[in-house]
Amino acid sequence: MRLRNITGSREMIKESPFVVHEPEERKGKWKETFGNDRPLFVEIGMGKGRFLMDMARLHPEVNFVGIEKYSSVLLRAIQKMEEDPLANVKFIRMDAEEIGEVFAPGEVDRIYLNFSDPWPKDRHAKRRLESRQFLARYDRILKKDGRIEFKTDNRELFAFALEELEAAGWSADAVTWDLHRDPVLNEGNVMTEYEERFSALGNPICKYIIRR
Ligand code: SAM
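Computed from a prediction, not measured in an experiment: that's the story for all the values here.

Rules used in this analysis
- Residues numbered from 1 in each chain as written.
- Predicted model: local features only at pLDDT ≥ 70, side-chain atom pairs only at ≥ 80, totals over all residues.
- Heavy atoms only, no water.
- Pairing = 2+ DSSP bridges.
- Helix = DSSP H or I, 4+ residues; strand = E, 2+ residues; numbered from the N terminus.
- Axes fitted to C-alpha atoms, helices over the stretch in contact; angles between N-to-C directions.
- Contact = heavy atoms within 4.5 Å.
- Near = heavy atom within 4 Å.
- Polar contact = N/O pair within 3.5 Å; in protein donor to acceptor, adjacent residues only side chain to side chain.
- Areas by Shrake-Rupley, 256 points an atom, 1.4 Å probe, with all protein chains shown as cover.
- 1 Å grid on protein atoms, 1.4 Å probe; cavity = no way out; pocket = protein on both sides within 12 Å on 5 of 7 lines; lining within 4 Å.
- Sits in = over half its atoms within 2 Å of the grid points.
- Nonpolar A, V, L, I, M, F, W, Y, C, P; charged D, E, K, R; others polar.
- Buried < 20%, exposed > 50% of the residue type's maximum accessible area, 1.4 Å probe, protein only.
- Salt bridge = Lys/Arg side-chain N within 4 Å of Asp/Glu carboxyl O.
- Phe/Tyr/Trp six-rings, centres within 6.5 Å; stacked < 30°, edge-to-face > 60°.
- Lys NZ or Arg CZ within 6 Å of the ring centre and 35° of its normal.

S.K.: Which residues make up the sheet that holds strand S2 (residues 63-68), and what are the values?
M.R.: The seven strands are arranged S3-S2-S1-S4-S5-S7-S6 in an open sheet whose pairing can be described as mixed. The outermost strands of the open sheet, each flanked by one partner alone, are strand S3 (89-93) and strand S6 (171-176). Recorded for the sheet is a direction-independent mean angle of 15° between the axes of neighbouring strands. Along the sheet face, helix H5 (residues 132-141) touches strand S1 (40-44), strand S4 (108-114), strand S5 (142-152) and strand S7 (206-211) and points at about 140° away from the line of S5.

Okay, here's the thing in structure tokens:
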């Protein structure tokens, strides 16, 4: 997702109280940042933040951090937060490659990856958020019993993501190639913006839940 460059979006982000501006300085201090002891769930590539904010409304007992690479997209999430502020949500504008600079070992309870960019060329495989290189980054910041939940309608990307698990030392708790027809995994499912768009076109949604 890359919206047209919005003039001044970086400046608007700089002034937003919903964005953590020097996230490296928060490493190991996320409980202080939120002012409480609640679990920390992180969505990487949150886009305009619909899933993150719906989850935060449903789970006030959890703190949520949304990571997004592009200012123009993050700005949309900020605008939604301005309409309906949520005390348990913070945003970071960054490339997830640097995630180890922002969270201390074991600081994160759960990671969500929703409709990640596919990077279809083989030579770009390591940029995929489900690659073994990214799984190694998540391994460092996730709690021992932490989990990752990934959804996509891209079946090639999903097959790749499943293949990466063993090499990276992860195992699947649950896998479905058609989430919306899986009564167990679909219970309580919170749709993302892309999920709604692609399932309306008839695309089945794939999902895994993994642990080490
Ligand atoms: N998760 C949302 C959803 O399901 O509706 C948005 C999906 S969109 C296809 C993927 C988003 O991930 C884009 O907004 C993109 O900018 C962001 N993204 C991709 N790679 C990223 C990275 N390395 N770090 C941070 N954000 C990233």
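S.K.: Requested: an account of the site of the ligand, with residues and values cited.
M.R.: For the ligand, the set of nearby residues contains 18 residues, the closest of which are Gly 45, Glu 68, Ala 96, Asn 114 and Thr 192. Interatomic distance of 3.4 Å between a side-chain N/O atom of Glu 43 and a nitrogen atom of the ligand. The contact in question runs from a nitrogen atom of the ligand to an N or O atom on the backbone of Ala 96, over 2.9 Å. Within the complex, the protein chains bury 96% of what would otherwise be the 600 Å² of accessible surface of the ligand. The site holding the ligand turns out to be the largest pocket. Each residue belonging to the shell around the ligand can be placed in one class, and the counts come to eight nonpolar, four polar and six charged.

S.K.: Account for helix H7 (residues 193-200), with residues named and values stated.
M.R.: The N-terminus of H7 is capped by Thr 192, whose side-chain oxygen sits 3.3 Å from the backbone nitrogen of Tyr 194. Note on H7: the residue one or two positions beyond its end, Gly 202, has a positive phi of about 95°.

S.K.: Residue-level account of the side chain of Glu 149, with values.
M.R.: Within the fold, Glu 149 resides in strand S5. The exposure class of Glu 149 is buried, given its relative accessible area of 7%. Here Arg 147 takes part through its side chain, which lies 2.7 Å from a polar atom of the side chain of Glu 149. In contact with Glu 149, other than residues within four places in its own chain, are Arg 110, Ile 111, Tyr 112, Leu 113, Lys 207, Tyr 208 and Ile 209.

S.K.: I'd love a proper account of the environment of Glu 196, names of residues and values included.
M.R.: Note on placement: Glu 196 falls in helix H7. The contact partners of Glu 196, leaving out residues within four places of it in the chain, are Arg 50 and Met 191.

S.K.: With reference to specific residues and values, describe the pairing of S4.
M.R.: Among the seven residues in S4, seven count as buried, and that is most of the element. Note that S1 and S4 share four bridges and pair parallel. Bridge pairing links Phe 41 to Arg 110 in S4. With six bridges joining them, S4 and S5 adopt parallel strand pairing.

S.K.: I'd like a rundown of the pattern of salt bridges, residues and numbers included.
M.R.: Per the counting criterion, the structure on display carries 16 salt bridges. Among the ionic pairs, Glu 193 bridges to Arg 197, the shortest N-O distance being 3.4 Å. On the criterion of helical spacing, the pair formed by Glu 193 and Arg 197 is a turn pair, its members being four residues apart in helix H7. Residue Arg 197 is classed as partly exposed on the basis of its relative accessible area, which comes to 41%. Residues joined in a network through salt bridges with shared partners are Arg 50, Asp 54, Arg 57, Asp 84 and Glu 196.

S.K.: Account for the packing of aromatic side chains, naming residues and giving values.
M.R.: Counted according to the given criterion, the structure contains twelve aromatic pairs. Pairing Phe 150 with Tyr 208 gives two aromatic rings, centres 5.3 Å apart and planes at 65°, and the pair type is edge-to-face. Taken together, the residues Phe 150 in strand S5 and Tyr 208 in strand S7 connect sequence positions 58 residues apart. With respect to burial, Phe 150 and Tyr 208 carry one shared label: buried. Each ring, one from Phe 158 and one from Trp 177, has its centre 4.9 Å from the other, and the planes form 90°; the classification is edge-to-face. Here Phe 158, found in helix H6 (residues 155-168), pairs with Trp 177, found in the loop between S6 and H7; they are 19 residues apart in sequence, far enough to count as distant. Relative accessible area serves as the criterion here: at 0%, Phe 158 is assigned to the buried category. Taken together, the aromatic side chains of Phe 41, Phe 51, Phe 64 and Tyr 112 make up a single cluster linked through ring pairs. In this structure, Arg 127 packs its charged tip against the face of Trp 119, placed 4.7 Å from the ring centre. One residue, Arg 137, lies across the ring of Phe 134, its end atom 4.4 Å from the ring centre.

Note that all results are geometric; they support no functional claim without further evidence.
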